[in-house]
Amino acid sequence: MHMQTPTHNPPLERQAQRRASAQFGWLIHAGVYLAVNTGLLLLAWTQGRPWAMFPALGWGLGLAVHGAVVFAKGSSLKQRLVARERRRLGLARHP
């Protein structure tokens, strides 16, 4: 059995690279979220006030949306928009 190397299918390799980059970006986002919100929680705790939950909830919503975009199954929003623009311009469906 012969396995394809990245050089045999450059478009597929580019897609894999983009997806891996997007997933890595989300992991960095999640790590920063955890680090910053842990610090805010500790700061709020020393003050005896529960204000740290507000930035955690707001940012958490953004992190959730980012994760949904990165990890959702099916075609991405960007891919659908590109396909729509190709149709509008009368271009082939696939490059």
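Residues numbered from 1 in each chain as written. Predicted model: local features only at pLDDT ≥ 70, side-chain atom pairs only at ≥ 80, totals over all residues. Heavy atoms only, no water.

S.K.: So what's going on with helix α2 (residues 53–71)? Residues and values would help.
M.R.: In this model, α2 (19 residues) spans 26 Å end to end at C-alpha, consistent with the 27 Å of a helix rising 1.5 Å per residue. Where α2 is concerned, the buried positions are Ala56, Leu63, Gly67 and Val70. Axial view of α2: buried residues confined to an arc of 60°, hence all on one face. Seen from the open side of α2, the exposed residues pointing more than 90 degrees away from its buried face are Phe54, Leu57, Leu61 and Val69. Buried residues in α2 make contact with α1 (10–47). (Helix = DSSP H or I, 4+ residues; strand = E, 2+ residues; numbered from the N terminus. Expected span 1.5 Å × (residues − 1). Buried < 20%, exposed > 50% of the residue type's maximum accessible area, 1.4 Å probe, protein only. Arc of directions from axis to C-beta. Contact = heavy atoms within 4.5 Å.)

S.K.: If you had to explain the packing of aromatic side chains to someone new, which residues and values would you point to?
M.R.: For the structure shown, the criterion picks out two aromatic pairs. With a centroid separation of 5.5 Å and an interplanar angle of 85°, the aromatic rings of Trp26 and Phe71 are classed as edge-to-face. Here Phe71 lies in helix α2 and Trp26 lies in helix α1, a separation of 45 residues in the sequence. Taking 5.5 Å as the distance between ring centres and 90° as the angle between the ring planes, the aromatic pair formed by Tyr33 and Trp59 counts as edge-to-face. On the criterion of sequence distance, the pair formed by Tyr33 in helix α1 and Trp59 in helix α2 is long-range, its members being 26 residues apart. (Phe/Tyr/Trp six-rings, centres within 6.5 Å; stacked < 30°, edge-to-face > 60°.)

S.K.: Report on the packing of α1 against α2, specifying residues and quantitative values.
M.R.: For any two helices packed against each other, the geometry is given by the interaxial angle and the distance between the axes. Taken N-terminus to C-terminus, the directions of α1 and α2 make an angle of 170°; their axes are 10 Å apart at the nearest point. With respect to α2, the axis of α1 lies roughly antiparallel. Only Pro55, Ala56, Trp59, Gly60, Gly62, Leu63, His66, Gly67, Val70 and Phe71 of α2 make contact with α1, whose side of the interface consists of Ala22, Gln23, Gly25, Trp26, His29, Ala30, Val32, Tyr33, Val36, Asn37 and Leu40. Taken together, the residues that form the contact of α1 with α2 break down as 13 nonpolar, eight polar and no charged. (Axes fitted to C-alpha atoms, helices over the stretch in contact; angles between N-to-C directions. Parallel < 35°, antiparallel > 145°, perpendicular 65-115°, else oblique. Nonpolar A, V, L, I, M, F, W, Y, C, P; charged D, E, K, R; others polar.)

S.K.: So what's going on with a nonpolar patch on the surface? Residues and values would help.
M.R.: Together, Phe24, Leu27, Ile28, Val32 and Val36 give the surface a local cluster of nonpolar side chains, amounting to about 450 Å² of exposed area. Given the relative accessible area of 36%, Val36 is considered partly exposed. (Patch = residues over 30% accessible without salt bridge, like charges linked within 9 Å, V, L, I, M, F, W, Y side chains within 5 Å. Areas by Shrake-Rupley, 256 points an atom, 1.4 Å probe, with all protein chains shown as cover. Salt bridge = Lys/Arg side-chain N within 4 Å of Asp/Glu carboxyl O.)

S.K.: I'd like a rundown of the environment of Phe24, residues and numbers included.
M.R.: When you line up the elements, Phe24 lands in helix α1. In this structure, the C-alpha to C-alpha distance between Phe24 and Val70, residues 46 residues apart in sequence, is 9.7 Å.

S.K.: Any details on the environment of Trp59? Residues and values, ideally.
M.R.: Using a relative accessible area of 27% as the deciding quantity, one classes Trp59 as partly exposed. Linking Trp59 and Ala30, residues 29 residues apart in sequence, is a C-alpha distance of 10.0 Å. Once residues lying within four places of it in the same chain are set aside, the contact partners of Trp59 are His29, Val32, Tyr33, Val36 and Asn37.

S.K.: So what about a positive patch on the surface? Which residues, and what values?
M.R.: A grouping of Arg14, Arg18, Arg19 and Lys78 is seen on the molecular surface, where their side chains present a positively charged patch. At three residues, α1 tops the list of elements feeding residues into the positive patch. Along the chain, Arg14 falls in helix α1. Take Arg14: its relative accessible area is 48%, and that puts it in the partly exposed class. (Lys, Arg positive; Asp, Glu negative; His and termini not counted. Charge placed at Lys NZ, Arg CZ, Asp CG, Glu CD.)

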